[in-house]
Amino acid sequence: MIPRYARPEMVAIWSPETKFRIWYEIEAHACDAQAKLGVIPQENADAVWKAKDVEFDVARIDEIEAVTKHDVIAFLTHLAEHVGSEEARFVHQGMTSSDVLDTCLNVQLVRAADILLDGMNKVLAALKKRAFEHKNTVRVGRSHGIHAEPTTMGLTFARFYAEMDRNKNRLEKARWEIATGAISGAVGTFANIDPAVEEHVCEKLGLRPEPISTQVIPRDRHAMFFATLGVIASSIENIAIEIRHMQRTEVLEGAEFFSMGQKGSSAMPHKKNPVLTENLTGLARLVRMTVIPAMENVALWHERDISHSSVERGIGPDATVTLDFALHRLAGVIDKMLVFPENMLENMNKFPGLVMSQRVLLALTQAGVSREDAYSMVQRNALKVWEDRVDFRELLLADAEVVAALGEDGINAKFDMEYHTKHVDTIFRRVFGEA
């Protein structure tokens, strides 16, 4: 996580100040529940809330931790400095450090998911707008990087919309799955703390009680969360790669917006490079980099070890901050993206009529020609288009065998571009619910 690729809203979630504020709320709400149960005096629970407006001193907590070698104890010591040692003596009653650490982490991940979902909504809105704008903008579809058959730019945006919509659904499920808390004490048996305390704290923090924790919340939840972020990152790269291809000089069917005063190269003034989508490709790699460590965190010794802890201190902020930045960058790229319909038609006609080869093939088989013979008849003409850049239709009209099977009118009828776009509305209704 570096400032260049970070937005302040997401960074704030992972700041020490935010973390200690959440820790405080966990402890204070737990004291309220303990007092209600009669475990601790009500006045001691009330006293903890004297610190509700305190800005906890990160440097002071670090100073204490340098001696205690324990972050939670350092925080509790600092909290007692504000509340008073006598008043704070029941704080953390029956709890273990993971009750605070794990519940806090999940609060942070839920808040991060909310920001990410907002970013995804921006991407979806941009994709939908551009899809309808270019619903009938014809371009050539490619497979293996080679011209295949006509499609539309609107369908390209629509398929990315559908992919991102699936990702939004995945993230909503991942958010739900990670929204649990645990205040179950050492090894998770509630021996020294009533389950009602956990229920109260979770309710106050917008979480659900973890059905069964050990001394930690099970890490399969976190593995699923980070895996979902990895899939979203891969979809971002999928879109970025398409835009990068479109911006290639030989293609130039679309391009990132190039602002006034922007420079593409320190050496070559003519350059307009797809730097934003190249950056998105790199950021996607960083997010995916967090997935395997998250999965490796699932396997812990017995009821708990801390092999996962150092990993999560890194991947929590890194994955969410990076993905948040990438989503907002992608939304801007799509919204401002330049589209060049004339170049799309010019590219499709570099090998005139060649993209209609399947229609001719199918027509020949329907006219009684065997598929093997039909393929040979079409391919021998198609290869000449590859070699000599001549017009595919003219070659077919000059091929006596093809004319005998289809007739001139039959051949000409197979070069109607609207044939390939006749179901665009159907696809749009499937994706957007409207056409």
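Coordinates for the structure precede this section.
Computed from a prediction, not measured in an experiment: that's the story for all the values here.

A. How the structure looks around the overall build of the protein. Scanning the protein for helices and strands turns up 18 helices and six strands. Its C-alpha radius of gyration of 30 Å places the protein more than 25% over the 22 Å reference for a compact globule of 435 residues. Counting only C-alpha atoms, the protein reaches 100 × 50 × 40 Å along its principal axes. Across the 435 residues that make up the protein, the buried fraction comes to 49%. Across the protein, the fraction of contacts at a sequence separation of at least 24, relative to all contacts at a separation of at least 6, is 75%. Entry remark: accessible area of the protein is about 21,000 Å², with carbon and sulfur atoms responsible for 53%. Treating the 50 positive side-chain charges of the protein as one cloud and the 62 negative ones as another, the clouds have centres 5 Å apart.

B. Expanded view of helix 17 (residues 400–412). For helix 17, spanning 13 residues, the distance from its first C-alpha to its last is only 15 Å, which falls clearly below the expected 18 Å at 1.5 Å a residue. At L406, helix 17 shows its strongest bend, of approximately 85 degrees. Along helix 17, the residues classified as buried are V402, L406 and I411. By the N-cap criterion, in which a side-chain oxygen at the helix start approaches the backbone nitrogen of a residue two or three places on, helix 17 is capped by D399, the distance to E401 being 3.0 Å.

C. Molecular detail of the environment of R159. Mapping R159 onto the fold places it in helix 7 (residues 153–178). R159 sits 28 residues away from A131 along the chain, and the two C-alpha atoms are 9.1 Å apart.

D. Focus on the environment of R380. Mapped onto the secondary structure, R380 falls in helix 15 (residues 371–388). Judged by its relative accessible area of 34%, R380 falls in the partly exposed class. Spatially, the C-alpha atom of R380 lies 9.7 Å from that of L395, the residues being 15 residues apart in sequence. Excluding residues that lie within four positions of it along the chain, R380 makes contacts with D399 and E401. Within polar-contact distance, the side chain of R380 engages the side chain of D399 at 3.1 Å. Among the polar contacts made by the side chain of R380, one reaches the side chain of E401 at a distance of 2.8 Å.

E. Region of the structure containing unusual backbone geometry. A positive phi angle, close to 60 degrees, is found at H144, a residue other than glycine. A positive phi angle is found at F190, which is not glycine, with a value near 60 degrees. In this fold, F190 is placed in the loop between strand 3 (180–181) and helix 8 (195–205).

F. Fine view of the packing of aromatic side chains. Here the structure, examined in full by the defined rule, presents 14 aromatic pairs. With a centroid separation of 5.2 Å and 80 degrees between ring planes, the pair formed by F20 and W23 is classed as edge-to-face. Of this pair, F20 and W23 both sit in helix 2 (residues 16–36), three residues apart, which is roughly one turn of the helix. Grouping residues by exposure puts F20 and W23 together as buried. A ring pair is formed by F20 and F75, whose centres lie 5.7 Å apart and whose planes are at 5 degrees; its orientation type is stacked.

G. Region of interest: the pairing of strand 1 (residues 138–143). Both strand 1 and strand 2 (residues 146–152) contribute to a ladder of five bridges, which runs antiparallel. Residue V140 lies in a different strand from strand 2, and its bridge partner there is P150. Two successive antiparallel strands, strand 1 and strand 2, enclose a turn made up of two residues, where H144 displays a positive phi of approximately 60 degrees.

H. Broad picture of the packing of helix 7 against helix 18 (residues 424–432). Between helix 7 and helix 18, whose axes approach to 10 Å, the crossing angle comes to 20 degrees. By the criterion of interaxial angle, the relationship of helix 7 to helix 18 is roughly parallel. In this structure, the crossing between helix 7 and helix 18 has a hand that is left-handed. For the pair formed by helix 7 and helix 18, the contact residues are G154, L155, A158, Y161 and A162 on the first element and V424, I427, F428, V431 and F432 on the second. When grouped by side-chain class, the residues that make up the contact of helix 7 with helix 18 number nine nonpolar, one polar and no charged.

The rules behind each value
Residues numbered from 1 in each chain as written. Predicted model: local features only at pLDDT ≥ 70, side-chain atom pairs only at ≥ 80, totals over all residues. Heavy atoms only, no water. Helix = DSSP H or I, 4+ residues; strand = E, 2+ residues; numbered from the N terminus. Rg over C-alpha atoms; globule rule 2.2 N^0.38 Å. Buried < 20%, exposed > 50% of the residue type's maximum accessible area, 1.4 Å probe, protein only. Contact = heavy atoms within 4.5 Å. Areas by Shrake-Rupley, 256 points an atom, 1.4 Å probe, with all protein chains shown as cover. Lys, Arg positive; Asp, Glu negative; His and termini not counted. Charge placed at Lys NZ, Arg CZ, Asp CG, Glu CD. Expected span 1.5 Å × (residues − 1). Bend = angle between axes of the 7 residues up to and from the residue. Polar contact = N/O pair within 3.5 Å; in protein donor to acceptor, adjacent residues only side chain to side chain. Phe/Tyr/Trp six-rings, centres within 6.5 Å; stacked < 30°, edge-to-face > 60°. Pairing = 2+ DSSP bridges. Axes fitted to C-alpha atoms, helices over the stretch in contact; angles between N-to-C directions. Parallel < 35°, antiparallel > 145°, perpendicular 65-115°, else oblique. Left-handed = near helix turned anticlockwise from the far one by under 90°. Nonpolar A, V, L, I, M, F, W, Y, C, P; charged D, E, K, R; others polar.

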